Amino acid sequence: MFSFNLQGSRSGKLAVAGLVTTTLLLSACGNNSSNAGSNGGAGTAPAATAEATAEATAVPAATAAPAVEKTVTDAMGHQVTVPANPQRVIASYLEDYLVALGVTPVAQWSTKNGTQAYLAAELKDVPPISYDLPLEAVTSFTPDFHIVQSEGSVQNGLYDQLNKIAPTYVLGDEVSSDWRAALLKIGELLNKTPEAEKAIADYDQKAASAKAAVSAAIGDDSVAVLWLVSKNFFIVDETRSSGAVLYGDLGVKLPNLVTDIPAESRAPWNPISLEKLSELTAEHIILVNSDKASGAEITEGAVWKGIPAVKAGNVHEFGKDTSWLYSGPIANSKTIDDILSSFVK
Amino acid sequence: MASSTDSALQAPSVEGNTSVRSRPLAAAVILVLGIAAIVFGLMVSVSVGAADIRLATVWEAVFRFNPELPQHQVIRELRIPRAAAGALVGACFAVAGAIMQGMTRNPLADSGLLGLNAGAGVGLALAFAFAPTLSFSYIMLYCFLGAAVASLLVFGIGSLSHSGLTPLRLTLAGAAVSAMLLAVSQGIAILFSLSQDIAFWMAGGIGGASWKQLQVISPWVAAALIGALMLSRSITLLSLGRDVAAGLGQRTGLVQTAGMIIVVILAGAAVSTVGPIAFVGLMIPHITRYLVGVDYRWIIPCSAVLGSILVLVADIAARMINAPYETPIGALIAVFGVPFFIYLASKRKGELK
Amino acid sequence: MNRSTSFPPAKPRRSREAGILTLLAVLIVILFLVSMNTGLMRLSPLEVLHTLSGNGTKQQQLILFDFRLPRIVISLLIGAGFAVAGVILQGLSRNALAEPSTLGINAGAGFAVLIFISFVPATTAAPILVLPLLALAGASLTATLIYFLSYRREDGLSPTRLILIGIAVGAGIYAFQLILSLRLDPQNYQFVAIWLAGKIWGGDWRFVLALLPWILILLPFAFYKARVLNVLNLGDELSKGLGLPLERERRWLLAVAVALAGACVSVSGSIGFVGLIAPHLARRLVGPRHQILLPAAALIGALLLLTADTIGRWILQPAEVPTGIVVAIIGAPYFLYLLATSKA
């Protein structure tokens, strides 16, 4: 039920602040030219994929700090030789960070249900690749560098096989759970540390001003973030993805049901029964509704309508295509926009 | 299959002896006490759950319902349908098992083991995959269809063969049909990215039962249960053997067809509501036969009552064992069902051929 | 079903048997070439030959030697392994419908691997060689359990009881698998779900290495025991009369079948029906003599699994259908046909 989306929410993604990001993205998109198949190797890859920030020069080979091949150790202890200037990057499920750094991947994460919709504009020319990275499909993109988000996704020899195609760096669950750390790490790997730092600074600035606005608008009210999918509810805690933005960066008060969950059994998304939700005292609900298409039996039901926030008409609904289920510089920035539009009139 | 020792499973195996042993008194006691236990079980079931609601409030919600109170709504909209669904599907699985065991003279018959549940599962997977917005009444029809296909496969094949439906043959056919249908469901699930939807449903769960589902299945279930009672005398005869029944003037083909239709409706309705719960239909009829003897006029109603109690209790336990999380009820019942199956299979010596 | 199936008395014609084995081998070679050509990346037969002779591009070499070839080899090994395990179990239970998956042995092996995946953090390096051992342990425990539950002092290992108890134990394990898999985090869940459905892990020679010793030791041992299987087929009394230490031989053979099934499951997940269909087809082709039946079944199993794997890779490109599902959908109808036609 939550196989794909939840992966995302658990992953940390990187981030950059909204304004900068948009510029980065716009320029990055224009340069994307990855095609399957034909390309022999790194050398012939299109040169302009990455560099597009204001201060960076357009041709990678000519960047101010001469990039050299470097050897680093990844989260699983592999020695990874990162190419001097990775041109054809696949970082499945880390696209948010790449986009924030102005790098266009050669292929983007996808499932049967589609790609990460909130990045659709930025990645519209990037062909999809299945989330489980079928080897022949990976090979067909002739990547020169892979970044893998979590240890779990390259179990059972998949790492070695990916590494045969191109150097593969495993970011690891620990790093990816903190989007700032993940952004800095990816920035470092791709020689984009200044961009990463700027993205974080911009985000923090945006978050600080949003925090003031939200606090002025709703004061001490608590807000619950619920995800409804296949007739099951999940509630967000304060550690990851949109919860980290709302409760952490914007300082909004956690609702009672989250604080009730014992700390050791908390997950980024906690399953919660409708019955338990009847005890939710939060003043506002943000509802991420993945069930919109398949009928509204639950949200039409008496129990749902009896929840105080629902009764008071304080439900702010977002679709599954929005950034709420994801984490990363761009996702988080878009989440802030949604929060502002919900609470600050 | 001439069973020598266990009179609990079969009529005394003197050929042609139709005076079956039955204990109407025991059956009457079970019915009365059992219904009382169901009422009590329903009350307990309504009183426990994730939300902390005091008993007094529960009573008020039932007898002085106030739609303004969220707690009353929880009782009304979630717990009562859940408890009722538990009782209802327990009866469905148990009666379906009893009918199958009686008609096929196969002590190992159960809608789960014979592939009917898996068939209903394919129906459900198809519904999820191709028509996710379908209303529940259609989903149920898909389940009926799936269960019907599975039963046709299993019984059709069993009866095609020369030696007829021996328990071993039937059980193997059930295992194979289950495996095949499960593979089909898995295939659909993987292709349409429904894996976890289906997995959760496969584990069985009564938590999602709603009034709407109950409204849809109740008339079918009621009709099927009444039909089962009407058929019970014929099933008793069939359980003595087809030849005996035919010799006594029964139109066995007609009875078997009617019985299978009832079984498909019961299993399909139950599975569409709570998922494929196996072993209820295996265990309950045996226990019932042990208690009330071999007359299906008593076995069927008593199985219904005992099946209700089993699923009600299991559902309460599923909520309490690892609160606030729910333990899959299908697995919980399997904990008792598997040893029971093993016991049945191993105590019958070489006769299950 | 005391006698597995009734066949016309075998007419051991060496040349015919040799001919059939050769034909099977040729079919495998043809399918091997087809399979080398099947996949997302289009490679013409010429390119395949080119690459095989060492003249391909780096990319072509990677795809053929590192991704497709090991997978093909694994399919062949697994097919042979399950088929031989099936022949043995059918001989032991004197029932044409027995095989590792119906007897719950696959489920036990799968369960052990599932437990491992659930409780060992993914951060530890991929323990490829550990998995077959674990699966083996799971399969052995399950088999021991089934053995003891169906063993009676009076009448030994009743074939019927063996099968029924196998089904029961398999159903129980399946229930626990469900509980456990629902508790996995989604990423692991996806992995386990696909693995349980019977997916052959793509190209990695280490899997071949992990599997190969088992096959190399156990298949010849099974062939060596062919005579015993022949005698067992005659029934308990007759076997005893011929001076066979019945229970001891049964335990040995059971151990071989379990080890084969366990090792195969660890690499492929649970793939049912191969162990059933391959022996049966083999019996039709070469008769019931195990000396020839075992190798024939092994070849047919290998052929069958490679076919299923190739179909699974090709039919819904670029998506892959797990091999186990393909086999089940092809195999189950055949199984039912067997069930309908076999005599008691």
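Bear in mind that the values here come from a model prediction, so they are computed numbers and not experimental data. (Residues numbered from 1 in each chain as written. Chains lettered and ligands numbered in written order. Predicted model: local features only at pLDDT ≥ 70, side-chain atom pairs only at ≥ 80, totals over all residues. Heavy atoms only, no water.)

Quick look at the overall build of chain A
Note the threshold: The numbering of helices and of strands both runs from the N terminus, where a helix is a DSSP run of H or I of at least 4 residues and a strand a run of E of at least 2. Partly exposed residues are those whose accessible area sits between 20% and 50% of the maximum for their type, while under 20% is buried and over 50% is exposed, using a 1.4 Å probe and protein chains only. Throughout, a contact is declared for two residues whenever any of their heavy atoms are within 4.5 Å. The accessible surface values rely on the Shrake-Rupley method and a 1.4 Å probe; as for residues, cover is taken only from the protein chains in view.
Helix and strand counts for chain A come out as 14 helices and twelve strands. Looking at chain A as a whole, 58% of its 345 residues qualify as buried. In chain A, once contacts between residues fewer than 6 apart in sequence are set aside, the share between residues at least 24 apart is 70%. Of the roughly 12,300 Å² of accessible surface on chain A, 55% is carried by carbon and sulfur atoms.

Let's talk about the pattern of salt bridges
Residue and element names in this part refer to chain B. Stated precisely, the cut-off is as follows: What counts as a salt bridge is simple: a side-chain nitrogen of Lys or Arg found within 4 Å of a carboxyl oxygen of Asp or Glu.
Within the structure shown, the criterion is met by 19 salt bridges over all chains. Measuring nitrogen to oxygen at the nearest pair gives 2.7 Å for the salt bridge that ties arginine 82 to aspartate 315. Of this pair, arginine 82 sits in helix α3 (residues 70-104) while aspartate 315 sits in helix α12 (residues 296-320); the two residues are 233 residues apart in sequence, bridging distant segments of the chain. Measuring nitrogen to oxygen at the nearest pair gives 2.9 Å for the salt bridge that ties aspartate 295 to arginine 297. Of the residues examined, arginine 297 reaches a relative accessible area of 43% and is grouped as partly exposed.

Focus: the pairing of strand β8 (residues 223-229) of chain A
Residue and element names in this part refer to chain A. The criterion, for reference: For two strands to be treated as a pair, DSSP must find no fewer than two bridges joining them.
Within β8, seven of the seven residues are buried, which leaves it mostly tucked inside the rest of the structure. Residues Val223, Val225, Trp227 and Val229 line one face of β8 and the alternating positions Ala224, Leu226 and Leu228 line the opposite face, and both faces are buried. Hairpin connection from β8 to strand β9 (residues 232-236): two residues lie between these consecutive antiparallel strands, with serine 230 at a positive phi of about 45 degrees.

Topic: the sheet that holds strand β7 (residues 168-170) of chain A
Residues and elements named next belong to chain A. Note the threshold: To get an axis, fit a line to the C-alpha atoms, keeping to the stretch in contact for a helix; angles then go from 0 to 180 degrees between the N-to-C directions.
Reading across from one edge, β3-β6-β7 is the order of the three strands in this open sheet, with parallel pairing throughout. Of all the strands in the sheet, the pair left with one neighbour each is β3 (89-90) and β7. Each of β6 (145-148) and β7 touches helix α5 (residues 158-165); the most contacted strand, β7, lies at about 140 degrees to it.

Topic: the environment of leucine 232 of chain C
On the secondary structure map, leucine 232 of chain C appears in helix α9 (residues 226-232). Taking the C-alpha atoms as reference points, leucine 232 of chain C and alanine 107 of chain C, 125 residues apart in sequence, are found 26 Å from one another.

Quick notes on the packing of aromatic side chains
What counts, and what does not: For Phe, Tyr and Trp, rings pair up if their centres lie within 6.5 Å, where Trp contributes its six-membered ring, and each pair is then called stacked (planes under 30 degrees apart), edge-to-face (over 60) or tilted (otherwise).
If you walk through the whole model with that rule in mind, you get 14 aromatic pairs over all chains. Where tryptophan 227 of chain A meets phenylalanine 234 of chain A, the ring centres are 5.7 Å apart and the plane angle is 40 degrees; that geometry is what we call tilted. As far as the burial class goes, tryptophan 227 of chain A and phenylalanine 234 of chain A line up, both buried. On the basis of an interplanar angle of 15 degrees and a centroid distance of 5.3 Å, the ring pair of tryptophan 59 of chain B and phenylalanine 63 of chain B is categorised as stacked. Separated by four residues within a single helix, tryptophan 59 of chain B and phenylalanine 63 of chain B lie in helix α2 (residues 55-63), roughly one turn from each other. With a relative accessible area of 60%, phenylalanine 63 of chain B lands in the exposed category. The rings of Tyr93, Trp109, Tyr118 and Tyr326 of chain A are connected pair by pair, giving a single aromatic cluster.

Quick word on the side chain of arginine 68 of chain C
Spelled out, the test is: Polar contact is the term for a pair of N or O atoms within 3.5 Å; when the atoms are in protein, one must be able to donate a hydrogen and the other to accept it, and sequence-neighboring residues count only if both atoms are side-chain atoms.
Looking at where arginine 68 of chain C falls in the secondary structure, it is placed in helix α3 (residues 58-93). A distance of 2.6 Å separates a polar side-chain atom of arginine 68 of chain C from the backbone oxygen of methionine 36 of chain C. Residues contacting arginine 68 of chain C, with those up to four places away along its chain left out, are Glu136 of chain A together with Ser35, Met36, Asn37, Thr38, Gly39, Leu40, Met41, Leu43, Ile63 and Arg313 of chain C.

Details of the confidence of the model for chain C
Residues and elements named next belong to chain C. Defined as follows: For every residue, the predictor assigns a confidence score, pLDDT, that lies between 0 and 100.
Per-residue pLDDT for chain C averages 80, and the proportion of residues at 70 or more is 84%. Within chain C, helix α7 (residues 186-196) has the poorest average pLDDT of any element, 63, and helix α13 (residues 290-314) the best, 92. Across residues 1-10, where pLDDT falls below 50, the model places 23 contacts with residues more than four positions away in sequence or in other chains. Interface confidence in the predicted complex, given as ipTM, is 0.74; pTM for the same model is 0.78.

Focus: the packing of helix α4 (residues 105-119) of chain C against helix α5 (residues 130-150) of chain C
All names here are of chain C. Worth spelling out the cut-off: Throughout this description, any angle smaller than 35 degrees is read as roughly parallel, any larger than 145 degrees as roughly antiparallel, any in the 65 to 115 degree range as roughly perpendicular, and the remainder as oblique. Crossings are classed by handedness, with left-handed meaning an anticlockwise turn of the near helix from the far one by less than a right angle and right-handed meaning a clockwise turn.
Close contact between α4 and α5 brings their axes to 7 Å; oriented N to C, the two are set at 130 degrees. On the basis of the axis angle, α4 is oblique to α5. As α4 packs across α5, the resulting crossing turns out to be right-handed. Between α4, through Ile105, Gly108, Ala109, Ala112, Val113 and Phe116, and α5, the contact on the second element is made entirely by Leu131, Leu134, Ala135, Gly138, Ala139 and Thr142.

Structural notes on the sheet that holds β9 of chain A
All names here are of chain A. Judged by pairing direction, the sheet is mixed, and its five strands sit side by side in the order β10-β9-β8-β11-β12 without closing on themselves. Looking at which strands have only one partner, the edges of the open sheet turn out to be β10 (269-272) and β12 (315-319). Taken over all neighbouring pairs, the strand axes of this sheet differ in orientation by 30 degrees on average, direction set aside. Contacting β8, β11 (284-289) and β12, helix α14 (residues 329-343) runs over the sheet at an angle of about 145 degrees to β12.

Details of a nonpolar patch on the surface
Residues and elements named next belong to chain B. Basically, it comes down to this: Distance thresholds for patches are 9 Å for like charges and 5 Å for nonpolar side chains (Val, Leu, Ile, Met, Phe, Trp, Tyr), applied to residues having over 30% relative accessible area and no salt bridge.
Taken together, the side chains of Ile35, Val39, Phe40, Met43, Leu55, Trp59, Val62 and Phe63 present a nonpolar region at the surface, about 800 Å² in accessible area. Among the elements of the structure, α1 (24-47) and α2 are those that each provide at least two residues to the nonpolar patch. Structurally, the position occupied by valine 62 is in helix α2. Note on valine 62: relative accessible area 31%, which makes it partly exposed.

Description of the environment of leucine 299 of chain C
Mapped onto the elements of the fold, leucine 299 of chain C is located in helix α13. Sequence-distant contacts of leucine 299 of chain C, that is, excluding residues within four places in its chain, are made with Leu21, Leu24 and Ile28 of chain C.

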